[in-house]
Amino acid sequence: MSSTIEELVSALTLEEKAGLCSGQDFWRTKAVERLGIPALMVSDGPHGLRTQKSGSDNPNDSIEAVCYPAGCAAAASFDPALTRRMGAALGREARAVGVGVVLGPAINIKRSPLCGRNFEYYSEDPFLAGELAAGFIQGMQSEGVGACPKHFAANSQETRRMSADSRMDERTLHEIYLPAFETAVRDGQPWTLMCSYNRVNGTYASENPLLLDEILRGQWGFTGFTMSDWGAVNDRVRGVAAGLDLEMPGSGGVNDAKLVEAVRSGALDEAVLDKAAARILNIVLRAADLAKTSATFDRTADHALAVQLAKESGVLLQNLGALPLREGQRVAYIGAFAETPRYQGGGSSHVNTGAAIGALEAARRNNRMVSYVEGFPADRDQRDEQEFLRAVTAAEEADVAVIFAGLPEMFESEGADRRHMRLPDCQNNLIARVAAVQKNTVVVLHAGAPVECPWAEDVSAVLCMYLAGEGIGEATDALLWGEANPSGRLPETWPLRLEDTPCYLDYPGDGLTADYREGVYVGYRWYDGRRMPVRWPFGHGLSYTGYVYRDAALDKDTLTDGDSVTLRVRVRNSGAVRGAEVVQLYVSDATGTPVAGGRVPQALRGFQKVMLEPGQECEVSFTLTARDLSRYSAELHDWYAAPGRYELRLGHSSRDIRITVPLQFKTERHLPLTVDENTPLGVLLADPRTAGPVQQMLAANSQAMDNGGGDGLMPPDAVAQMLDAMPLRALVNFGGPGAAAALPALMKTLRKATKN
Ligand code: BGC
């Protein structure tokens, strides 16, 4: 605590301290005028400001603001430099309207495509989500406005979101659901962090000492203040004790009184409340200080940025040649999303913007020769045969048909999960009918999450724009007509059907308990592990040019603890237009060591987006440490990589690996091994600490072991497996008198070697 903060805290009465730890209203903390402590204003959200109009008493009556691509789209940029720019632009706007903390980025893991809030979140992959979040936070805070990563943690469904209990094992929590927050905190140093509504393994996130104190502050070094999601507080006293500093939006004094009472009765140590108040004050004063310098923003420039971000977020999923569109072609635009695109999701992140236009209007402004038939509405599933016939005729008469499809707002929103993964039937139907008469059919998708695409093999091209913000129309126009080259990549797998998804059988649970039974097998970890065909894999995205990889090399072929290696590769734009490649690095554990909970086939550990002119080549490098090879070990309660061989896979997507480079890893670290009479011989033979003495004993008693082991009666592999599974105590039965006699001494040696 700095001396000013310390002095202020000691000048506050107990009631004032408790009051400071909850909101004054929906968007502000409490001021303490007698001590000159101002209120701090916060505002949603992750992709644009939702700041309440001054003078309005309706928290949903927000000012006009720039709407940037929602998390789903921003993540598809695969570019932390871009989320950084977005964060900075948002920061400037926030400061100009007096907002000190913006409630974003939203970085929960996309466990199921059905989660109604996936459109706000970044990815199914924690590494990607973490890197993008850190960029966003750094950008925003460079403008003197605090960020607030949310919702901490394991908040991956909307069904009964305020009470559901996300249950998972320790490894899954640490390996999948926490790392994005860890990177956000370590690399972004956010001023604040928001806890989630749900429980995690039985304890509400708003009163969870493991998450809020031990991990967040203790392990990751978080120094800001924590706040509740709006209404996430269960037991306020327990919350403060666990490390939840600010309750939002407040409880009209009810919970403040409970805090006062708890301190008075001795149930809560006043020093704990002091710390919470101090952490809040620290940020309140910082924001007030930074707000002294005036801030402005340029709405036109920010709109241009929104368009650019949208261009970089569009993902070309498929292209058999219909794209880019060419001048002189007769092009039919079909589907109401061409006129009224969906570019953001419903709920707390909703931005009030009037600046979004559709691709049809953008085409008209650019004097493109396009015809338009509505075909189907953008806000509901409604089929009109006359419209269908007009659309099919227009498609037939054109050179290319572009269908603007997507999820209506009523299909996807905060507060509710989707019930299925389909587009409205009317859309699937019309796409199939148009594709039957027009081989150059292009589908443009507007959705915050994957949808089933049963017509994919019948159309030429698919461009996914996700929910790309107010620049969506202009960006779609530029991408369709080749004025911009698609460079987005899928931040999540697009499965063929809902039934293929990892948690299909468990999601969303009974709504009280959400069992994360699929464990670490989330997203591509699952589809790759099962070698399942998918519609489009993680990291996938096409371009109007091609990229060639060559000369991948490591600076050394063995990595040791505490050391790092650098992997370099050269990438060339082999086509005729400028384009950006996202070089992706996946690490695969090829050590063969058995892993409790299963070994994931590969995990993203690096990515870099590089812009290349035609023919231009550049070098991309990645630096790796032991942590990049590691999985989380519940035995060590820490990250661990087994010694042996790893594969470093470089490629254009998770399923388009271009070069694989082997790496050896040597380590002095061991997993704990408790030796007793029931430890299998296979475990002892696999561990360098115990292999020697066990081998010696087996060699010395090989005759007896052979007789007892069924040699000759069974295939060699079965004999080997029997030996592998044989517990030490079985030496008494099958090892002969020599082994039986040697067992006590052997046990002693093994225990010494493993220190137990
Ligand atoms: C949402 C948060 C949001 C808050 C304030 C909650 O319902 O879960 O993400 O920041 O409302 O609008």
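Quick caveat: nothing in here was measured; it's all calculated off a predicted structure.

Draft legend 1. Representation of the packing of helix α4 (residues 80-96) against helix α5 (residues 126-142). Between α4 and α5, the least distance of the axes is 6 Å, while the angle of their chain directions is 35 degrees. With respect to the hand of their crossing, α4 and α5 are arranged in right-handed fashion. Only Glu131, Leu132, Gly135, Phe136, Gln138, Gly139, Met140 and Ser142 of α5 make contact with α4, whose side of the interface consists of Pro80, Thr83, Arg84, Met86, Gly87, Ala88, Leu90 and Gly91. Classifying every residue of the contact of α4 with α5 by side-chain character gives seven nonpolar, seven polar and two charged.

Draft legend 2. The packing of aromatic side chains, seen in detail. One pass over the structure, following the stated rule, counts 15 aromatic pairs. Aromatic pair phenylalanine 26 and tryptophan 27: ring centres 5.3 Å apart, planes at 70 degrees, arrangement edge-to-face. Through a chain of ring-to-ring contacts, the aromatic side chains of Phe78, Phe127, Tyr524, Phe538, Tyr586 and Phe607 assemble into a single cluster. Above the ring of tyrosine 516, the side-chain terminus of arginine 111 is found at 3.8 Å from the ring centroid. Its guanidinium or amino end placed over the ring of tryptophan 639, arginine 627 lies 4.0 Å from that ring's centre, counting from NZ or CZ.

Draft legend 3. Structural context of the pairing of strand β14 (residues 461-464). Going residue by residue along β14, you find Ala461 and Leu463 tucked away on one face and Val462 and Cys464 tucked away on the opposite face as well. Taken together, the four bridges between strand β13 (residues 441-446) and β14 define a ladder with parallel strand orientation. Within β14, the position partnered with valine 443 by the bridge is valine 462.

Draft legend 4. Region of the structure containing the site of the ligand. Lining the immediate environment of the ligand, one finds 14 residues, of which Asp44, Arg117, His151, Tyr197 and Asp229 sit closest. The side chain of arginine 50 places a nitrogen or oxygen atom 3.1 Å from an oxygen atom of the ligand. In this structure, arginine 117 approaches the ligand through a side-chain N or O atom, which is 2.7 Å from an oxygen atom. Surface burial for the ligand is 94%, taken as the share of its 310 Å² of free accessible area covered by protein chains. Classifying every residue of the shell around the ligand by side-chain character gives five nonpolar, two polar and seven charged.

Draft legend 5. Representation of the pattern of salt bridges within the structure. Scanning the model with the defined rule gives 57 salt bridges in all. Between arginine 238 and aspartate 235 there is a salt bridge, with its nearest N and O atoms 3.5 Å apart. Aspartate 235 gets classed as partly exposed once you look at its relative accessible area, which sits at 26%. With its nearest N and O atoms 3.8 Å apart, the salt bridge here joins glutamate 247 to arginine 236. Of this pair, glutamate 247 sits in the loop between α9 (236-242) and α10 (254-265) while arginine 236 sits in helix α9; the two residues are 11 residues apart in sequence, bridging distant segments of the chain. The residues glutamate 247 and arginine 236 share a single accessibility class, namely buried. A cluster of three or more residues bridged by salt bridges with shared partners is formed by Arg117, Glu120, Glu158, Arg161 and Glu414.

Draft legend 6. Broad picture of the side chain of threonine 493. Within the secondary structure, threonine 493 is located in the loop between α16 (472-480) and β15 (513-515). Only 2.8 Å separates the side chain of threonine 493 from the side chain of glutamate 124, close enough to count as a polar contact. In contact with threonine 493, other than residues within four places in its own chain, are Glu124, Pro450, Gly523, Tyr524, Tyr527, Val534, Trp536, Pro537 and Phe538.

Draft legend 7. Structural detail: the sheet that holds β14. Ordered in space as β9-β14-β13-β12-β10-β11, the six strands form an open sheet in which the pairing is mixed. The open sheet has two edge strands, β9 (315-319) and β11 (370-373), and neither has a second partner. When the angles between neighbouring strand axes are averaged without regard to direction, this sheet yields 20 degrees. Bridge count between β9 and β14: four bridges; the pairing is antiparallel. If you follow valine 315 over to β14, its bridge partner there is cysteine 464.

Draft legend 8. The arrangement of the environment of alanine 596 in detail. Assignment of secondary structure puts alanine 596 in the loop between β19 (579-589) and β20 (603-612). Looking at alanine 596, the relative accessible area reads 54%, which means it is exposed.

Draft legend 9. Spatial organisation of unusual backbone geometry. Following glycine 104, the chain continues into proline 105 via a peptide bond in cis, with omega recorded as 10 degrees. Residue histidine 151 is bonded to the preceding lysine 150 through a cis peptide linkage, with omega at 0 degrees. Mapped onto the elements, histidine 151 comes out in the loop between β3 (146-147) and β4 (165-167). The phi angle at alanine 154 is positive, at roughly 55 degrees, despite the residue not being glycine.

Draft legend 10. Highlighting the nonpolar core. Among the nonpolar cores identified, the biggest contains 190 residues, and Phe152, Met227, Tyr333, Val402, Leu445 and Leu480 are the most heavily contacted of them. It is helix α11 (residues 270-290) that provides the largest number of residues to this core, a total of nine residues. Aside from chain neighbours lying at most four places away, what touches leucine 480 is Leu323, Pro324, Leu325, Tyr333, Val402, Phe404, Val442, Val444, Leu463 and Tyr544.

Parameters at a glance
Residues numbered from 1 in each chain as written. Predicted model: local features only at pLDDT ≥ 70, side-chain atom pairs only at ≥ 80, totals over all residues. Heavy atoms only, no water. Axes fitted to C-alpha atoms, helices over the stretch in contact; angles between N-to-C directions. Helix = DSSP H or I, 4+ residues; strand = E, 2+ residues; numbered from the N terminus. Left-handed = near helix turned anticlockwise from the far one by under 90°. Contact = heavy atoms within 4.5 Å. Nonpolar A, V, L, I, M, F, W, Y, C, P; charged D, E, K, R; others polar. Phe/Tyr/Trp six-rings, centres within 6.5 Å; stacked < 30°, edge-to-face > 60°. Lys NZ or Arg CZ within 6 Å of the ring centre and 35° of its normal. Buried < 20%, exposed > 50% of the residue type's maximum accessible area, 1.4 Å probe, protein only. Pairing = 2+ DSSP bridges. Near = heavy atom within 4 Å. Polar contact = N/O pair within 3.5 Å; in protein donor to acceptor, adjacent residues only side chain to side chain. Areas by Shrake-Rupley, 256 points an atom, 1.4 Å probe, with all protein chains shown as cover. Salt bridge = Lys/Arg side-chain N within 4 Å of Asp/Glu carboxyl O. Core = buried A, V, L, I, M, F, W, Y, C linked by side-chain atoms within 4.5 Å.

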